[in-house]
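# Results of the structural survey
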Amino acid sequence: MFDFPHIEHQSYTRNFLKTIIFQISYDEKANLFDKKSEIINIFKEILPRFDDKVTNGIHISFSSDKTPILHNIEDSKTGIALEFKSLDGQRILTINKSSLSYTIGGKAYTNFENLKKELCLLDRFYKLCEIDTIHRVAIRKINIFEFKVSVNPSDILAHLISSDLLSNLNYFPKSSFIKQNIHTISYLDGGYRLNIKYGLNVPPPPNTEIGQVIVDIDLFSTETIDTRFTLIKADEINNEIFDIFNWAISDNTKKILNGEN
């Protein structure tokens, strides 16, 4: 896809995932909410908490350049959606007339194979709502490494991120005073878009005790595909994200993820 160095896929014993987002879009289904009870029945086993008051402001938008996180809006009429949650609130599925978004908190995420088992429920959803094709498949993984700001934050950044991506760090004087060092890279290749954001963030006062090293990878396809190939496309995207993540982090981080440090 984007020719990042390929490595054999594995499951680390630890992860620093803050959020993982899976999203699809499809042609608008005007009568989708007429099938609310049937949709509830499809997802109730893994997402038993249903909120039919979500019409007061949850909105999913699909911009051409990034995969958004769910956000509130003031105009409830444009934010009509169905929302499902797991018992612990760590999994949230939001469906509107033209899109579906599944957001998982990092503590609830184990590996992509387990996520795919849940995504198999989409086949029933597609059949019920007569969705034959989808126009977008997106996965975004936001990794946040938190640390206590008791040492030079830039040293932590250099410890966790690949040195190849931080070659200019030594050029800056008084690096201990750097509070933000965020880099953004965007790719476009045919029907694929990729956004990579990585770097250092130390929140402004009074929240300066905890710093963050961020690796945020957002990859999506805008090709129209048959719904039967949803998981195949998702697999392809997830594998590429894994390669990108391993390209971006240092050997020190890989040892931490493997429980060696």
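Residues numbered from 1 in each chain as written. Predicted model: local features only at pLDDT ≥ 70, side-chain atom pairs only at ≥ 80, totals over all residues. Heavy atoms only, no water.

### Some remarks on the packing of aromatic side chains
Two numbers describe a pair of aromatic rings. These are the distance of the centres and the angle of the planes. This structure, assessed with the given rule, holds ten aromatic pairs. With 5.8 Å between their ring centres and 65° between their planes, F4 and Y187 make a pair best called edge-to-face. Taken as a pair, F4 in the segment before strand 1 (17–25) and Y187 in strand 10 (residues 180–189) lie far apart in primary sequence, 183 residues in all. On the basis of relative accessible area, F4 is assigned to the buried category, the value being 8%. Owing to a relative accessible area of 33%, Y187 belongs among the partly exposed residues under this scheme. Judged by centre distance (6.3 Å) and plane angle (50°), the rings of F43 and F125 are tilted. With F43 in helix 1 (residues 36–43) and F125 in helix 3 (residues 122–129), this pair connects stretches of sequence that are 82 residues apart. Judged by its relative accessible area of 3%, F43 falls in the buried class. Taken together through their ring pairs, the aromatic side chains of Y26, F43, F50, F84, F125 and Y126 make up a single cluster. Above the face of the F220 ring, R136 is positioned so that its terminal group lies 3.9 Å from the ring centre. (Phe/Tyr/Trp six-rings, centres within 6.5 Å; stacked < 30°, edge-to-face > 60°. Helix = DSSP H or I, 4+ residues; strand = E, 2+ residues; numbered from the N terminus. Buried < 20%, exposed > 50% of the residue type's maximum accessible area, 1.4 Å probe, protein only. Lys NZ or Arg CZ within 6 Å of the ring centre and 35° of its normal.)

### What to know about the pattern of salt bridges
Tallied over the entire structure, the rule returns nine salt bridges. Linking D216 and R140 is a salt bridge whose minimum nitrogen-to-oxygen distance equals 2.6 Å. Taken as a pair, D216 in strand 12 (residues 210–221) and R140 in strand 9 (residues 136–148) lie far apart in primary sequence, 76 residues in all. E223 is the salt-bridge partner of K233, the closest N and O atoms lying 3.0 Å from each other. A residue pair is termed long-range when its members are at least 10 positions apart, and K233 in helix 5 (residues 230–248) and E223 in the loop between strand 12 and strand 13 (225–226) qualify at ten residues. Among the ionic contacts, a cluster of salt bridges with common partners joins E113, K116 and D235. (Salt bridge = Lys/Arg side-chain N within 4 Å of Asp/Glu carboxyl O.)

### Overview of the packing of helix 2 (residues 112–119) against helix 5
It is the contact of helix 2 with helix 5, at a shortest axis distance of 11 Å, that shows an interaxial angle of 160°. On the basis of the axis angle, helix 2 is roughly antiparallel to helix 5. The element helix 2 and its partner helix 5 pack so that their crossing is right-handed. Across the interface between the two elements, F112, E113, K116 and L119 from helix 2 touch L231, A234, D235 and N238 from helix 5. When its residues are assigned to classes, the contact of helix 2 with helix 5 shows four nonpolar, one polar and three charged. (Axes fitted to C-alpha atoms, helices over the stretch in contact; angles between N-to-C directions. Parallel < 35°, antiparallel > 145°, perpendicular 65-115°, else oblique. Left-handed = near helix turned anticlockwise from the far one by under 90°. Contact = heavy atoms within 4.5 Å. Nonpolar A, V, L, I, M, F, W, Y, C, P; charged D, E, K, R; others polar.)

### A closer look at the confidence of the model for the protein chain
The pLDDT averaged across the protein chain works out to 89; a share of 90% of its residues lies at or above 70. Confidence over residues 54–60 falls short of pLDDT 50; this stretch has 30 contacts with residues more than four positions distant or in other chains. Taken as a whole, residues 71–78 scores under 50 in pLDDT and shows 15 contacts with residues more than four places along the chain or in a different chain. (pLDDT = per-residue confidence, 0-100.)

### Here's the deal with the layout of surface pockets
Size it by volume and the largest pocket reaches roughly 450 Å³. In this structure, the largest pocket is lined by 23 residues; those nearest its centre are H9, Q10, Y109, K141 and F242. For the lining of the largest pocket, the secondary structure elements donating two or more residues are helix 2, strand 9 and helix 5. Per element, the largest residue contribution to the lining of the largest pocket is six residues, and it comes from helix 5. When grouped by side-chain class, the residues that make up the lining of the largest pocket number nine nonpolar, ten polar and four charged. Considering the residues around the second largest pocket, the lining is formed by N15, F16, L17, K18, T19, Q90, G105, G106, K107, I144 and E146. Top element by residues in the lining of the second largest pocket is strand 1. It accounts for three residues. Residues belonging to the lining of the second largest pocket are distributed by class as follows: three nonpolar, five polar and three charged. (1 Å grid on protein atoms, 1.4 Å probe; cavity = no way out; pocket = protein on both sides within 12 Å on 5 of 7 lines; lining within 4 Å. Points joined across faces, edges and corners; volume = space filled by probe spheres on them.)

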